[in-house]
Amino acid sequence: MSRPTEILIDLDALIHNCRLAKSLSGPGNIVAVVKADGYGHGAADIALKIEPEVSMFAVSCMEEAISLRKQGVSLPLLLLEGCFSLEEYNLAARQNIQLVIHNVDQANCLLEQTLDAQLKIWLKVDSGMHRLGVLPEDVNEVFGLLVASHNVSDVVLMTHLASADETSSDFTVKQLKRFAKVIDNLKVTHAKSFETSIANSAGLLAWEEALGDWNRPGIMLYGLTPLDVDTAHSAKLKPVMTFRSEVIALREIQAGESVGYGNTWTASRPTQIATLAVGYGDGYPRTAKTGTPVLINGQRCPLVGRVSMDMICVDVTHLGQVNIGDSAELWGKNLHANEVAACAGTIGYELVTRMPKRTKRKFIG
Ligand SMILES: *Cc1c(COP(=O)(O)O)cnc(C)c1O
């Protein structure tokens, strides 16, 4: 018998979420974001499953793109941070990989080379996030250089939303206005037509104005909502990852006894404690506070005391009959990763993305 700690990846839920993204995208195409190993779900398995549903995939860098190619993914790929070295431009051209150009240096690197094939470029505009992107006042010039280059076949104009998850924030409106102004200026200066791309998952779920020719959902494909409130659309998402383990020990402790490292939690009444074979070494966040929900046999129980490397303890007093070998869900189908994340001072994105190799992945569906 092996240690029962694993993540189940529900590929039917993935397809369901992907189709939801597609329906919200209208006539726009879907670029499925599978960076960081598919947000911890397994980039190649995810990509191969949804390849018939989407138009292309986005990753952060060349290493991630080449890994997908090696595992048989054939749709066009997009490097969200562009190239990091000169050699990567030709590799991209040969491997049907498209590039984000997010600053003038990257544009110059591309323009100086003679490539084996032409590249489709995604020119990123900084509409207010101030992380990556060419400043609005420089877009006309960089766009002109790119479209004139023999290395470039097409240019997509893209930007990224900083606060689209905050459904009542007016910052998204401000970004959309800035981007629209850039597009209007380009149309005046350059006769050449171009496509646009703005929306991430939050854009697709909550900002119809952000839809473009290409939409870039990530987290929603994995069934987690990025939004600060549930909406009719976000309520339809189905979590893809379920993180589970089992009870490996049970004990009854008296009032006044403590549990775990540092004795940080003390029982106020006789308490039944279940120990689970999962800890921060398996991807469960050490910052999860006492009270973080865990499902034992489908019922909510509070985490008590500190998270250890390989174990956590939960209070199962109210459950009645609990046995060694009973099933525990840390997050997934029945317990939203965002809820657990909130108890650990983080977000669902981080929980699913930072799962360690140690935790075996099982694909179902
Ligand atoms: C990661 C990323 C996305 C996807 O974001 P989600 O919030 O996961 O949907 C889209 N666009 C860019 C540029 C990204 O870096």
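Residues numbered from 1 in each chain as written. Predicted model: local features only at pLDDT ≥ 70, side-chain atom pairs only at ≥ 80, totals over all residues. Heavy atoms only, no water.

### Details of the side chain of threonine 196
You can see threonine 196 is positioned in strand S8 (residues 195-197). Threonine 196 sits in the buried class, given a relative accessible area of 17%. If near-sequence neighbours (up to four positions away) are discounted, threonine 196 is found in contact with Val156, Leu157, Phe179, Ile183, Gly212, Asp213 and Trp214. (Helix = DSSP H or I, 4+ residues; strand = E, 2+ residues; numbered from the N terminus. Buried < 20%, exposed > 50% of the residue type's maximum accessible area, 1.4 Å probe, protein only. Contact = heavy atoms within 4.5 Å.)

### So, the environment of glycine 345
Assignment of secondary structure puts glycine 345 in the loop between helix H10 (337-343) and helix H11 (348-353). Residue class for glycine 345 comes out exposed when judged on its relative accessible area of 72%. Distance in space between the C-alpha atoms of glycine 345 and leucine 319 is 27 Å, their sequence separation being 26 residues.

### With respect to helix H4 (residues 62-70)
Along H4, the residues that are buried comprise Met62, Ala65, Ile66, Leu68 and Arg69. When H4 is viewed along its axis, its buried side chains cluster within an angular range of 155 degrees and face the same direction. For H4, exposure combined with an orientation more than 90 degrees from the buried face picks out Glu63 and Lys70. (Arc of directions from axis to C-beta.)

### Regarding the packing of helix H1 (residues 11-24) against helix H3 (residues 43-50)
Following both chains from N to C, one finds H1 and H3 inclined at 60 degrees, their axes separated by 10 Å at the closest point. With respect to H3, the element H1 is oriented oblique. Handedness of the crossing formed by H1 with H3: right-handed. Residues Leu11, Leu14, Ile15 and Cys18 of H1 pack against Ile46, Lys49 and Ile50 of H3. Grouping the constituent residues of the contact of H1 with H3 by class yields six nonpolar, no polar and one charged. (Axes fitted to C-alpha atoms, helices over the stretch in contact; angles between N-to-C directions. Parallel < 35°, antiparallel > 145°, perpendicular 65-115°, else oblique. Left-handed = near helix turned anticlockwise from the far one by under 90°. Nonpolar A, V, L, I, M, F, W, Y, C, P; charged D, E, K, R; others polar.)

### Considerations on the packing of helix H7 (residues 136-148) against helix H8 (residues 171-189)
At their nearest, the axes of H7 and H8 sit 10 Å apart, and the two run at 35 degrees to each other. Seen from above, H7 lies across H8 with right-handed handedness. Mapping the contact onto sequence places Pro136, Val139, Asn140 and Phe143 in H7 and Val182, Asn185, Leu186 and Thr189 in H8. Grouping the constituent residues of the contact of H7 with H8 by class yields five nonpolar, three polar and no charged.

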